[in-house]
Each structure stands twice: as C-alpha cells, then as structure tokens.
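Geometric and topological summary
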Amino acid sequence: GESPLAALTREVCGAAVAGVVEAVFFVLMFGVAVAYLVALHDFVRATPLALPLGVDVALAAAAAVPLALVDDFGSLAAAGAAALVALACSLAAIALYGVLRRERLGWAQSGTFDWTKPDSVADVGAAVGVMAFCFGVAPVALHLEASMAAPERFAAAQRVALFTAFAAYVIVGAGVARLYDGPAPDDSVPGNVLDALPMGVTPTLVRLAMAAACVASIPIGLVGCGEIVEARIPRCRRLVVRGLVAVAAALVAYAMPAFALVVGLVGAVAVCTLSFALPPLVHLLLAKRNGLPVAEDAVLLIAGVLLVVVTTTLTARTTAAALAEAYADDDDFLS
C-alpha cells in the first residue's frame, strides 16, 4: 500500500493532501538516489578507475539495483552499516592526511575560511536546503520505525543517530576543514575535501571506499520510489520498476552533476515540505477536531510554508545559474 506517512496524512487531511505527500516523498527518495550517484562520480574521478560521468553513474545505478530488490528499508541495514564503516574510515584518513599536511607546512591559518559568512542570500537558501537534507529524518521516520525489529526503541535510536550526525558534521565542517585551510593566503577549502588528498594508494582506497558507500546508499532511494510506484501498479515486476527508477536517476545525475545543488534543491523542495509544513498542518487539524487551540499550529504552518517557498526559490535560482554556467563552459570547450 501507500507509505506510512501518506497513510497518516490520508487519515487526518484527506486523499488529496495524501497524494501530494506521496508525490513529494517520491521526489525526496528520487533525489537521494541522484545525490549519491553524483557523489560517487566526484569520488571516483580522481582514481585510476575514473570513467566519463555517464558511464560511471550508469554502472553504479546498475550495481545498486540488485541491492534494491528488498521488501523494505530494514533489509538494507547491513549495507547501511558497511557504508557507515567505510565513511568512518575515510573521514579518519582525511583527518590524518590533514594533520600530516599541517605538520609539513605549519599550523598558521590563511584567514580565508569563514563558514559563518555566506556569499549571498541565495547561498543561505541553499545551505538551509542542504541542512534539511542532512538532518531530514522526519519524512522517513515512520518507514524506519515500521522496518525495525523493535519499533519501540526507535525514539532512542533516532536521538543517538541525530546527535552522532550533528557531531560528525561539526567535526568535519568546522574541524577537518580547518586542516586544509592555509597556511598560504591563496589556500582555500575545496568543495570536496577529497580533492585535497594527495595521489597514492591509500588516498585512492579512501576515495573508492566513499564510492562504495554511495553504491550501498543508492538503494535507499530506489526502494522508496519503487514502493510508491508498485503500490499503484501492482502488476509491474519489482525489478522492472526499480530498474527504471535507477535509469531515470542516472540520467538526472548526468544532467545535473553537482552534489551540493542536488542536495540543496531536494532538501528545500521535499524535506522542508515534509518536515516543516506537513507536521503543523496535521497537528492543527487534529487539534481542531478535538477542540484544542490552534494558534501555535497556524503560526508554525505559515512559517513552514514560507520556509519552503523562500528556500526553494533561492535554491532553484542558484541551481539554474550553476547549470547555465556549466553548459556554457561545455559549449566554449567544444567550440
């Protein structure tokens, strides 16, 4: 049947809103698959296994399809655990190389790295979308809870997971990034910190481990999209549906090869909608049914809708400008 989030929305808000929620959730899951495909290309391109963008994302999508032929998210636990181990090892190696680099060059800062000062309002919108995507557990909370062997432990597990993710982002964003800032005045933190690693066997293994983590994560998006489509077209075989979703995700990843743009846009459109606009709407309607005050819910609903509209507009503008610039560069190169 439909997703747990859509089923809850249908019960409270009606069929029309539930259909919108299911569509937005599909966008989120599809965006997850696209984002990991783009990230995989970024990781592999500096290794001896580098392939053209269209080829590597196609191979990664094909490799992810067998992993996506599972019943629910819970069946991906082993692949997810392996991805987390690869990610932890990679971050440890990145930090170690940063320390070794500082020992060789000195510990003075260049003063160019300041993550507290965005360059524009559009960057703020994109940053909100990225943060929403990274911490966006709300849209998939019911899925994860339903797939757990002990659902009653979900709340505690969620708290631990979110705190761990927050700590990791702080350490990487404000800690590891500092290792690669300076000491020369023209030094700056690369958009992909793996680009700062030297060439060699160990850095190559780090990049390939991150790519393997992406392959293990792509099925999350394929399963989420597949469940929605299969519920509406029950006669379609699972392999066909999820294989077609993988093909579509690979095509989009080829057309929009910028990880931050994909994450920011999906976070603004889908995660913000399901995390900041939908919950106050559901609570408002439930409170109204039970004769409870709805003023706070109304304020939160308005704020959530404004957040979605503003961040989506700003991120869409940033994405369009970046794509136009990228295609212009390609045209100049070809000419």
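Along each chain, the written sequence defines residue order, and numbers are assigned to residues from 1. Per-residue local features of the predicted model are confined to residues with pLDDT of at least 70, and side-chain atom pairs are confined, for both listing and counting, to 80 or more; whole-chain, interface and lining totals are unaffected and use all residues. Hydrogens and water are ignored here; the side-chain numbers use all heavy atoms of the structure.

**Notes on the overall build of the protein chain**
Stated formally: Strands are runs of DSSP state E lasting at least 2 residues, helices are runs of H or I lasting at least 4, and numbering of each runs from the N terminus. Here's how the labels work: a residue is buried when its accessible area is under 20% of the maximum for its type, exposed when over 50%, partly exposed in between, all with a 1.4 Å probe on protein chains only. Should any heavy atoms of two residues lie within 4.5 Å, those residues are counted as being in contact.
When its secondary structure is counted, the protein chain shows eleven helices and zero strands. In the protein chain, the succession of α and β elements from N to C terminus is α-α-α-α-α-α-α-α-α-α-α. The 335 residues of the protein chain split such that 38% are buried. Sequence-distant contacts, at least 24 apart, represent 79% of the contacts inside the protein chain between residues at least 6 apart.

**Description of helix H9 (residues 238-255)**
In plain terms, the rule: For a helix, the expected span equals 1.5 Å multiplied by the number of residues minus one.
If you check H9, its first and last C-alpha atoms are 26 Å apart, about what 18 residues at 1.5 Å a residue would give, namely 26 Å. The complete set of buried residues in H9 reads Val241, Arg242, Gly243, Val245, Ala246, Ala249, Ala250 and Ala253. Taken together, the buried residues of H9 touch helix H2 (15-44), helix H3 (53-67) and helix H8 (201-232).

**Some points on the pattern of salt bridges**
Put simply, the rule is: What makes a salt bridge here is a side-chain nitrogen of Lys or Arg within 4 Å of a carboxyl oxygen of Asp or Glu, nothing more.
Inspection of the entire model under this criterion finds three salt bridges. Its salt-bridge partner being Arg232, residue Glu22 comes within 3.6 Å of it at the nearest N-O pair. Within this pair, whereas Glu22 is found in helix H2, its partner Arg232 is found in helix H8, the two being separated by 210 residues in sequence. Measuring nitrogen to oxygen at the nearest pair gives 3.8 Å for the salt bridge that ties Asp42 to Arg45. Residue class for Asp42 comes out buried when judged on its relative accessible area of 14%.

**A look at the nonpolar core**
Here is the rule: Only buried residues count toward a nonpolar core. Its members are Ala, Val, Leu, Ile, Met, Phe, Trp, Tyr and Cys residues joined through side-chain atoms within 4.5 Å.
Counting residues in hydrophobic clusters, the biggest one holds 57 residues, and the most contacted among them are Leu28, Leu37, Leu222 and Leu274. Listing elements by their share of this core, those giving two or more residues are helix H1 (4-13), H2, H3, helix H5 (121-134), H8, H9 and helix H10 (259-289). In this structure, Leu274 is in contact with Leu5, Val21, Val24, Phe25, Leu28, Pro139 and Pro279, ignoring residues within four places of it in sequence. Residues Ala93, Ile94, Tyr180 and Val206 belong to the second largest nonpolar core, which totals seven residues.

**Brief notes about the environment of Trp107**
Along the chain, the position of Trp107 falls in the loop between helix H4 (77-105) and H5. Under the relative-accessibility criterion, Trp107 is labelled partly exposed at 46%. In the structure, Trp107 is positioned 72 residues away from Leu179 in sequence and 8.2 Å away in space, judged by C-alpha atoms. Dropping the residues within four chain positions of it, Trp107 is found in contact with Val99, Arg102 and Leu179.

**Quick look at the environment of Val140**
For Val140, the location among the structural elements is in the loop between H5 and helix H6 (141-147). Residue classification places Val140 among the buried positions, given a relative accessible area of 13%. Val140 sits 112 residues away from Leu28 along the chain, and the two C-alpha atoms are 9.7 Å apart. Not counting chain neighbours up to four residues away, the residues in contact with Val140 comprise Phe25 and Met29.

**Some remarks on H1**
For clarity, the cut-off: By arc we mean the arc of the directions from the helix axis to the C-beta atoms, nothing more.
Here H1 has its buried residues at Leu5, Ala6, Thr9, Val12 and Cys13. Each buried residue of H1 sits inside an arc of 130° when the element is viewed along its axis, so together they form one side. On its buried side, H1 packs onto H2, H6 and H10.

**A look at the packing of H8 against H9**
As a reminder of what qualifies: Axis lines are fitted through C-alpha atoms, for helices just across the contact stretch, and the angle between N-to-C directions can take any value from 0 to 180 degrees. Throughout, the term roughly parallel applies to angles under 35 degrees, roughly antiparallel to angles over 145, roughly perpendicular to angles from 65 to 115, and oblique to all others. Crossings are classed by handedness, with left-handed meaning an anticlockwise turn of the near helix from the far one by less than a right angle and right-handed meaning a clockwise turn.
Look at H8 against H9: their axes get within 9 Å of each other, and the N-to-C directions meet at 125°. Overall, the two elements H8 and H9 adopt an arrangement that is oblique. As for how H8 packs across H9, the hand of that crossing is right-handed. Along its contact with H8, which presents Leu222, Val223, Cys225, Gly226, Glu227, Val229 and Glu230, the element H9 presents Arg238, Val241, Arg242, Val245 and Ala246.

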